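# Structural characterization, general
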Amino acid sequence: MQAEKKKIERLLKTAKGQLDGILRMVEEDRYCMDISAQVMATDAILRKVNNEIIQAHMKGCVKAAILEGRGDEKIEELMAVVDKLTK
């Protein structure tokens, strides 16, 4: 993976901790809006992780593939991801 591995690991560990906290909140029957706020915060971290990974892919794998004359395949991969992100 071309992405900054340490940054990605840190963000994922933070999201994991938040998920554990959300589960505890549900088990403790905490206020719905507080749980929702934590879910949205975790979602934001995961979106940031995905963005970092996609950017690294474009700067590394896609760029290399284009320079080697096989960019169409990587562009199709990216378009499939963009399609999923926009649904």
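Every value quoted in this text rests on a predicted model; they were computed, and no experiment measured them.

### Notes on the nonpolar core
Counting residues in hydrophobic clusters, the biggest one holds five residues: Ile-8, Leu-11, Ala-15, Ile-45 and Val-49. Going through the elements one at a time, α1 (5–27) and α2 (32–67) are the ones with two or more residues in this core. Looking at which element gives the most residues to this core, the answer is α1, with three residues. When neighbours within four sequence positions are excluded, Ile-45 is seen to be in contact with Leu-11, Thr-14, Ala-15 and Gln-18.

### Here's the deal with the pattern of salt bridges
Tallied over the full model, the rule gives seven salt bridges. Residue Lys-7 pairs with Glu-52 through a salt bridge whose shortest N-O separation is 3.0 Å. One end of the pair, Lys-7, is in helix α1; the other, Glu-52, is in helix α2, and 45 residues separate them in sequence. Residue Lys-7 is classed as partly exposed on the basis of its relative accessible area, which comes to 23%. Residue Arg-70 pairs with Glu-68 through a salt bridge whose shortest N-O separation is 2.8 Å. A residue is classified by how much of its surface remains accessible, and Arg-70, at 37% relative accessible area, is partly exposed. Owing to a relative accessible area of 53%, Glu-68 belongs among the exposed residues under this scheme.

### A closer look at the confidence of the model for the protein chain
Summing up the model confidence of the protein chain, the mean pLDDT is 94 and the portion of residues at 70 or higher is 97%. Within the protein chain, helix α3 (residues 71–85) has the poorest average pLDDT of any element, 92, and α1 the best, 97.

### Some points on α2
Between its terminal C-alpha atoms α2 stretches 51 Å, which fits the 52 Å expected from 36 residues at 1.5 Å a residue. Listing the buried residues of α2 in full gives Ile-35, Thr-42, Ile-45, Val-49, Glu-52, Ile-54, Ala-56, Gly-60, Val-62 and Ala-65. Against α1 and α3 lie the buried residues of α2. Positioned one or two residues after α2, Gly-69 has a phi angle of 80°, which is positive.

### Considering the packing of α1 against α2
Running from amino to carboxyl end, α1 crosses α2 at an angle of 160°, the nearest separation of the two axes being 9 Å. Relative to α2, the element α1 is oriented roughly antiparallel. As for how α1 packs across α2, the hand of that crossing is left-handed. Judged by residue contacts, Lys-7, Ile-8, Leu-11, Leu-12, Thr-14, Ala-15, Gln-18, Leu-19, Ile-22, Met-25 and Val-26 of α1 engage Asp-34, Ile-35, Gln-38, Val-39, Ala-41, Thr-42, Ile-45, Leu-46, Lys-48, Val-49, Glu-52 and Ile-53 from α2. Its residues assigned to classes, the contact of α1 with α2 shows 15 nonpolar, four polar and four charged.

Scoring rules and cut-offs
Numbering of residues starts from 1 in every chain and runs along the sequence as written. In keeping with the model being predicted, local features are shown solely for residues with a pLDDT of at least 70 and side-chain atom pairs are shown and tallied solely at 80 or more, while totals for entire chains, interfaces and linings include all residues. Computation of side-chain values covers all heavy atoms of the structure but excludes hydrogens and water. For this analysis, a nonpolar core means a set of buried residues of the types Ala, Val, Leu, Ile, Met, Phe, Trp, Tyr and Cys, connected via side-chain atoms within 4.5 Å. Here's how the labels work: a residue is buried when its accessible area is under 20% of the maximum for its type, exposed when over 50%, partly exposed in between, all with a 1.4 Å probe on protein chains only. To qualify as a helix, a DSSP run of H or I must reach at least 4 residues; to qualify as a strand, a run of E must reach at least 2; elements of each kind are numbered from the N terminus. It only takes one pair of heavy atoms within 4.5 Å for two residues to be counted as in contact. Criterion for a salt bridge: a side-chain nitrogen of Lys or Arg within 4 Å of a carboxyl oxygen of Asp or Glu. Here pLDDT means the predictor's own confidence in every residue, given as a number from 0 to 100. Given a helix with a known number of residues, its expected span is that number minus one, times 1.5 Å. Axis definition: a line fitted to C-alpha atoms, over the contacting stretch in the case of helices. Angles run 0 to 180 degrees between N-to-C directions. Oblique is the label for every angle not falling under 35 degrees (roughly parallel), over 145 degrees (roughly antiparallel), or within 65 to 115 degrees (roughly perpendicular). For a crossing to be left-handed, the near helix must be turned anticlockwise from the far one by less than a right angle; the clockwise case is right-handed. Only Asp, Glu, Lys and Arg are considered charged in this grouping, and only Ala, Val, Leu, Ile, Met, Phe, Trp, Tyr, Cys and Pro are considered nonpolar; every other residue, Gly among them, is considered polar.

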